[in-house]
Amino acid sequence: ASNPGGAATSDEALLTVTPPVPVPTSAFNLAGFAQATTGGGVIAETNAGYRKVYNAVDLAIALADKKGIVKVIEIMNDLSLGYNEIPADAKTNSEPFRAHTTPLLHPVLLQTGVSLIDIQSKNGLTIFSASGATIRHATFNVKSSSNVIIRNLKFDEMWEWDESSKGQYDRNDWDFIDLGNAGTAYDVWIDHCTFTKAYDGICDIKGGSYNITFSWCKYTGDDGATNPNSWVRQQIYALESNK
């Protein structure tokens, strides 16, 4: 070592390198069957793999990615995604939006229709909302995919009275989320989501799908006890007016 005042040679030095602390199984410290799940990871909003979704067309484009570029999809606002209420541009090549079973009785769903949204052949994808946005009139159909996170979304308005089976609810097959319907899904983490009353399943796990964790989700049902215009009450009023 030297400076304007002179130079000196130090004693021999020993450099000690401390091994790094192992990275947790999950970058989010998740405990559960899906603990290996990291989704699309933590990437900057300026990254090409980060997509902000404001409407059905934005969502269709983001989910239609077949090159694995899109890793994070942020839902920026509430989306009503029934098949009759989304624009034609969202239905291009019938992917990822498909028409779900046709509604029979609920006055709103008769107008909006219901969509089946295929989230398929993904490996490493996060779909989330920072604001807790609501997805209405649609099923997220996650199939042939792994390492998927769905976080902080509310799923709503997917129920009607089932007169055809007298209340058995086996005709329409509407779920808020399907996992593994026509293609196994694994390493799926559904976190901080809110679910209202569904026609069939809040989330159906099918086709041998595995390593799935739900954490900090809410199941609120219908608010008809306090809301005279609740989703179920709207159906009841429609039935009463057309006995």
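Conventions adopted
Residues numbered from 1 in each chain as written. Predicted model: local features only at pLDDT ≥ 70, side-chain atom pairs only at ≥ 80, totals over all residues. Heavy atoms only, no water. Helix = DSSP H or I, 4+ residues; strand = E, 2+ residues; numbered from the N terminus. Buried < 20%, exposed > 50% of the residue type's maximum accessible area, 1.4 Å probe, protein only. Polar contact = N/O pair within 3.5 Å; in protein donor to acceptor, adjacent residues only side chain to side chain. Contact = heavy atoms within 4.5 Å. Pairing = 2+ DSSP bridges. Axes fitted to C-alpha atoms, helices over the stretch in contact; angles between N-to-C directions.

**Some remarks on the side chain of Asn-147**
Thought 1: With respect to the helices and strands, the residue Asn-147 is situated in strand 11 (residues 145-151).
Thought 2: Judged by relative accessible area, which is 14%, Asn-147 ranks as buried.
Thought 3: Separated by 2.8 Å, the side chain of Asn-147 and the backbone nitrogen of Gly-39 make a polar contact.
Thought 4: Other than its neighbours up to four places away in sequence, Asn-147 contacts Ala-36, Thr-37, Thr-38, Gly-39, Asn-123, Gly-124, Leu-125, Tyr-186 and Asp-187.

**Observations concerning the sheet that holds strand 4 (residues 72-75)**
Thought 1: Read across the open sheet, the six strands follow the order 3-4-8-11-14-17; overall the sheet is parallel. Edge positions in the sheet fall to strand 3 (50-53) and strand 17 (210-215), since each has one partner strand and no second. Within this sheet the neighbouring strands show an average axis-to-axis angle of 10°, counted without direction.
Thought 2: Two elements, strand 11 and strand 14 (residues 185-191), share six bridges in a ladder whose sense is parallel. Bridge pairing in strand 14 links Ile-150 to Ile-190.
Thought 3: Contacts between helix 1 (residues 56-63) and the sheet are confined to strand 3, strand 4 and strand 8 (123-128), with strand 3 contributing the most and set at about 155° to the helix.

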